[in-house]
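# Report on the structure
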Amino acid sequence: MEIWHMAAIEVNRLTKKYGQFLALKEISFSVKEGEVYGLIGPNGAGKTTTLRVLSTLLEVTSGEVKIFGHDLVKEANEVRKIISYLPEDAGAYKNMTGREYLIFISAFFGEGQGRKDMLERGLKFAHLDERIDDKVDTYSKGMARRLLVARALMIKPRLAILDELTSGLDVLNAQEIRRTVKTSAQQGMTLLLSSHNMLEVELMCDRIALINDGMIVASGTPRELKEQYDAPNIEEVFVKVVTK
Amino acid sequence: MSSLSNIIKKEVKELLTPATLVPIIIMALIFGSLGGAIGGATSKLSEKPIVGVIDQDHSVLSQFVYSQLDKNSKIVYNQSDVQAGIKEVSAKNGVALIVLQSDFQSNITSNHSASITVVWIMRGAGMADTFSMAPVQAVLAVMTTNLSRYIIDHHVTENSSVILQPLKRHEDTEFKGRMMVGISPDIISSVVSQQGLVVPLIVLMVIIMAGSMVISSMGMEKENKTLETLLTLPVSRTAIVLGKLVGAAIVGLVVAGIYMVGMGYYMSSLMISAPIDLAKYGMTLGAFDYVLVGVSLFLALVSALALCMILGIFTKNYKAAQTMTLPITLLALIPMFVTMFTDFDTLPTSMQIGLFAIPFTHPMLAMRELMFGNSALVLAGIAYNAIFAVVAMFIAVSLFRKDILLTGRVKSAQRSRGGMLVQSMFGKRRR
């Protein structure tokens, strides 16, 4: 049995409205430090909204969110120091080279040797070899995503929030990115990720929450969920929960 | 046919957006109001001009000239005191005081042209301010022709040069409390316009260049999907806004500077050397005046950039950002055209208020107003621009903390609950 240190994420009755549209309806969940937590659900269920709120990008309509004890609303700047958010369709500055982009980002998180180490990690994670000195504009989708994952993980955030980590990537690129992320998770980094890829979620996550129509409708470890819904895999669980 | 109409319908819907229409409507309104102002000025030309006439000769010929002037203009002063005449004509909104010299008739009878002095009363230095001179010029031309006829009919003299040119005109101009001897209003207007043309052009260029940089930067952040990453970095929203504004200001100033070097050579080739010594009339700028012009320009730039940042927040992508610069450009063109055409001091109060409210007006006016010693208006403009810049920056930073930055327009339901901007700015705030 694993020992969790403290709550990395505590979400209590979080509601998010866009105008009159209720995107999140009083959802509550918690993620322990070092845990890999996955959010799955159909399109428009509220996964990305949840991740964006937790990344301090969107305002909280009501409810309470704490990241490593920091109140998301009152201490947003403190939260930003310890998190890293990778949006689904994120891009990098096209007029920079991959190396320049990593240098630009590292300047916000450290200086001196710490920054140099950060950059080394970034270069290793990106695994772009000599192409690291080419303009981002010339990168393939897989290369750009590897650079962005490297950007997100090189700073060693206490919490990495990853939206659709490998969406639209070929198998090889997806596998490489998953390996990189898993390595970071094994080193104690807390991960909150969303995905449409049920295999990816099952492989990577310690616990999963199924979100549908702005509500968490089921949660547990992959094994618990499969047992609870008498399903051979998470994909079947997903179908049963969503079509229930 | 239905396929064709379907495509046409789609094209019209795609092209006829508020972003396309609003700038055109604003432009139409500007031309409309300018047309109204010109129409107002030109309609006055058909009325009899208001003048004062001082007959110092009281001779037959001078009285004939007086009668000619009386026939074609409205004489509001006909006593003998020049200073009182200027005051009276000015108070009655008149254009000129015409003085027939005491040797008027004797000069003609002794085969010399008679002397008249025209003291022009000039209220503003804009092009439109010289329009009112035209009817007086016409009256003087008719009067001169009729005087020539009179000289022939009454055999006053047979000297052909005197008959052809019976009058020798001397022109002075009373301009904003200064008596400029031997200078006509059109010379003053042209010199003042030349002096005040460079700053408005600089303001326009800097605002267009730097403004489009800010809006484009926001458009590119959104199009390249880099904004979300930027917003989750451990840096305050104020620092992001300031970083973008200062970066755009530096690039905008460099680009505008390069442009202005070429423009400067072009303008200097067009400008004639000033035929009047402005220093003689106290119309030069000191070091402090230049500091005020600089401060005014800086604050207008900050205001423009903050406004552009606010517009940039609403832009969806780089293409949309290009059209977003139009409102700012138009806002800078209004004071530029108005100050070129008219003088701020001679505008109706409503137009003065409207122009004052545009932050770009103040640096455009600053040089001219300081030249005339009207530093109060310049200082008031600086104070206004400082407040405007702070408020615009506050709004920009506040909007940067709101969902609207990422989600774009707020749905109508939210708008109905007290207004989009108010809702966005004063809703629950995130640090």
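Parameters at a glance
Residues numbered from 1 in each chain as written. Chains lettered and ligands numbered in written order. Predicted model: local features only at pLDDT ≥ 70, side-chain atom pairs only at ≥ 80, totals over all residues. Contact = placed C-beta atoms within 7 Å. Helix = DSSP H or I, 4+ residues; strand = E, 2+ residues; numbered from the N terminus. Buried ≥ 20, exposed ≤ 12 C-beta atoms within 10 Å, placed from the backbone. Pairing = 2+ DSSP bridges. Expected span 1.5 Å × (residues − 1). pLDDT = per-residue confidence, 0-100.

Taken residue by residue, the interface counts 25 residues in chain A and 23 residues in chain B. Every element with two or more residues in the side of chain A that touches chain B is listed here: helix H2 (76-82) and strand E6 (83-86) of chain A.

Attention shifts here to the pairing of E6 of chain A. All names here are of chain A. Of the two faces of E6, both are covered, the one formed by Ile83 and Tyr85 as well as the one formed by Ser84 and Leu86. Two elements, E6 and strand E7 (residues 159-163), share four bridges in a ladder whose sense is parallel. For Tyr85, the partnering residue across the bridge sits in E7 and is Ile161.

Further remarks concern the environment of Ser148 of chain B. All names here are of chain B. Mapping Ser148 onto the fold places it in helix H6 (residues 133-153). The spacing of Ser148 and Gly262 is 114 residues in sequence and 52 Å in space, taken between C-alpha atoms. In this structure, Ser148 is in contact with Ile163, Leu164 and Pro166, ignoring residues within four places of it in sequence.

Time to look at helix H16 (residues 375-400) of chain B. For H16 of chain B, spanning 26 residues, the distance from its first C-alpha to its last is 37 Å, which sits close to the expected 38 Å at 1.5 Å a residue. For H16 of chain B, the full list of buried residues reads Val378, Gly381, Ile382, Asn385, Phe388, Ala389, Ala392, Met393, Ala396 and Leu399 of chain B.

Residues and elements named next belong to chain B. With 87% of its residues at a pLDDT of 70 or more, chain B shows a mean pLDDT of 81. Per-residue pLDDT, averaged within each element of chain B, yields its smallest value for helix H19 (residues 420-426) (41) and its largest for H16 (93). Across residues 410-431, confidence stays below pLDDT 50; counting only partners more than four residues off in sequence or on other chains, it has 34 contacts. For this predicted complex, the interface score ipTM comes out at 0.90, while the overall pTM is 0.75.

Once that is clear, we can look at the sheet that holds strand E1 (residues 7-18) of chain A. Residues and elements named next belong to chain A. Strand order in the open sheet formed by four strands is E2-E1-E4-E5, with antiparallel pairing between adjacent strands. What marks the edges here is a single partner per strand, and that holds for strand E2 (21-32) and strand E5 (70-71). One ladder, built from two bridges, connects strand E4 (residues 62-67) with E5; its direction is antiparallel. Of the residues in E5, the one forming a bridge with Ile67 is His70.

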